[in-house]
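Here is what each chain is made of, one letter per residue.
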Amino acid sequence: MSQAPVHLDIENNRLVIKALRAGEESVFDTVYRYYFRRLCAFCSQYVSEQDEVEEIVQETMMWLWENRSGLLPELTLKTLLFTIVKNKALNRLSHFEVKRKVHQEIVEKYETEFENPDFYLGNELFRLYEEALKQLPAEFREAYEMNRNQRLTHKEIADKLNVSPQTVNYRISQALKLLRIALKDYLPLFALFFGTDIFQQS
């Protein structure tokens, strides 16, 4: 195991992520020890059972290590960790109203300290998604957005565009393929943040 830098600046996002991507276990250990109790305190505002709180945080840190090669300096590590913990905690709550109430309370309580991580990470991912959409060929993007945004079936899209359903299926499939390629480094984050694979055929 390599030795952690003596004066590792945990707030130096690029340095920490670079070390994690390189597989520096000592740096991961430093990150783990620095964030574990902070994440547990944050998570306990959503989940009351301490064992469950620690399990959520452990899962988050395990995800961080297993997906370290895909970490990107543009996405702040602190923002990422708190967002993952928040989403994992909310997934444990089954009732929508409870989710809404707790979410609002936490946003108000921790907005300043944690810089509203859900807002910043979500908007950054959405920006990347929008940029990828703009790069799609016009006919692919049109069919894809009619399906995703307007919730039209392939047949309904075919009728509107005066093409066959097979053509619509091809265009949407190609759009999804190109989006997965363009956003390949971010796919684990999209799955965590949105709770599903938004790039599956529907």
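Before reading on, note that the structure itself is shown above.
Residues numbered from 1 in each chain as written. Predicted model: local features only at pLDDT ≥ 70, side-chain atom pairs only at ≥ 80, totals over all residues. Heavy atoms only, no water.

**Q** Describe helix 1 (residues 13-21), with residues and values.
**A** Taken as a whole, helix 1 has its buried residues at Asn13, Val16, Ile17, Ala19 and Leu20. Relative to the axis of helix 1, the buried residues are bounded by an arc of 160° and lie together on one face. Of the residues in helix 1, the exposed ones pointing more than 90 degrees away from the buried face are Arg14 and Lys18. Buried-residue contacts for helix 1 involve helix 2 (25-43), helix 3 (50-66) and helix 4 (77-91). Once helix 1 finishes, Gly23 follows within two positions and takes phi at roughly 80°, a positive value. (Buried < 20%, exposed > 50% of the residue type's maximum accessible area, 1.4 Å probe, protein only. Helix = DSSP H or I, 4+ residues; strand = E, 2+ residues; numbered from the N terminus. Arc of directions from axis to C-beta. Contact = heavy atoms within 4.5 Å.)

**Q** Any chance you could break down the packing of aromatic side chains for me, citing the residues and the numbers?
**A** Using the criterion set out here, one finds 7 aromatic pairs in the structure. When the centroid spacing of 5.1 Å and the interplanar angle of 50° are considered together, the rings of Phe28 and Trp65 count as tilted. Pair noted here: Phe28 is in helix 2 and Trp65 is in helix 3, with a separation of 37 residues, a long-range link. Look at Phe28 and you get buried, because its relative accessible area is 16%. (Phe/Tyr/Trp six-rings, centres within 6.5 Å; stacked < 30°, edge-to-face > 60°.)

**Q** Outline the packing of helix 1 against helix 2, supporting the account with residue identities and numerical values.
**A** A pair of packed helices is characterised by two quantities: the angle between their axes and the separation of those axes. Contact geometry of helix 1 with helix 2 gives a least axis separation of 8 Å together with a crossing angle of 130°. It follows that helix 1 is oblique to helix 2 by the angle criterion. When the axes of helix 1 and helix 2 are compared, the crossing they make is left-handed. Facing helix 1, whose interface residues are Val16, Ala19 and Leu20, helix 2 presents Val27, Phe28 and Val31. In terms of residue class, the contact of helix 1 with helix 2 is built from 6 nonpolar, no polar and no charged. (Axes fitted to C-alpha atoms, helices over the stretch in contact; angles between N-to-C directions. Parallel < 35°, antiparallel > 145°, perpendicular 65-115°, else oblique. Left-handed = near helix turned anticlockwise from the far one by under 90°. Nonpolar A, V, L, I, M, F, W, Y, C, P; charged D, E, K, R; others polar.)

**Q** Can you break down the side chain of Thr83 residue by residue, with the values?
**A** Following the sequence through the fold, Thr83 ends up in helix 4. Thr83 gets classed as buried once you look at its relative accessible area, which sits at 1%. At 2.7 Å, the side chain of Thr83 forms a polar contact with the backbone oxygen of Thr79. (Polar contact = N/O pair within 3.5 Å; in protein donor to acceptor, adjacent residues only side chain to side chain.)

**Q** Report on the environment of Arg171, specifying residues and quantitative values.
**A** Take Arg171: it is sitting in helix 9 (residues 165-182). A relative accessible area of 18% means that Arg171 is categorised as buried. Residues Arg171 and Ala138, spaced 33 residues apart in sequence, show a C-alpha to C-alpha distance of 9.9 Å. Once residues lying within four places of it in the same chain are set aside, the contact partners of Arg171 are Glu139, Phe140, Ala143, Leu161 and Val163.

**Q** An account of the pattern of salt bridges is requested, with residue identities and associated values reported.
**A** For the structure on display, the rule yields 5 salt bridges. Arg33 is the salt-bridge partner of Asp29, the closest N and O atoms lying 2.9 Å from each other. Of this pair, Asp29 and Arg33 both sit in helix 2, 4 residues apart, which is roughly one turn of that helix. (Salt bridge = Lys/Arg side-chain N within 4 Å of Asp/Glu carboxyl O.)

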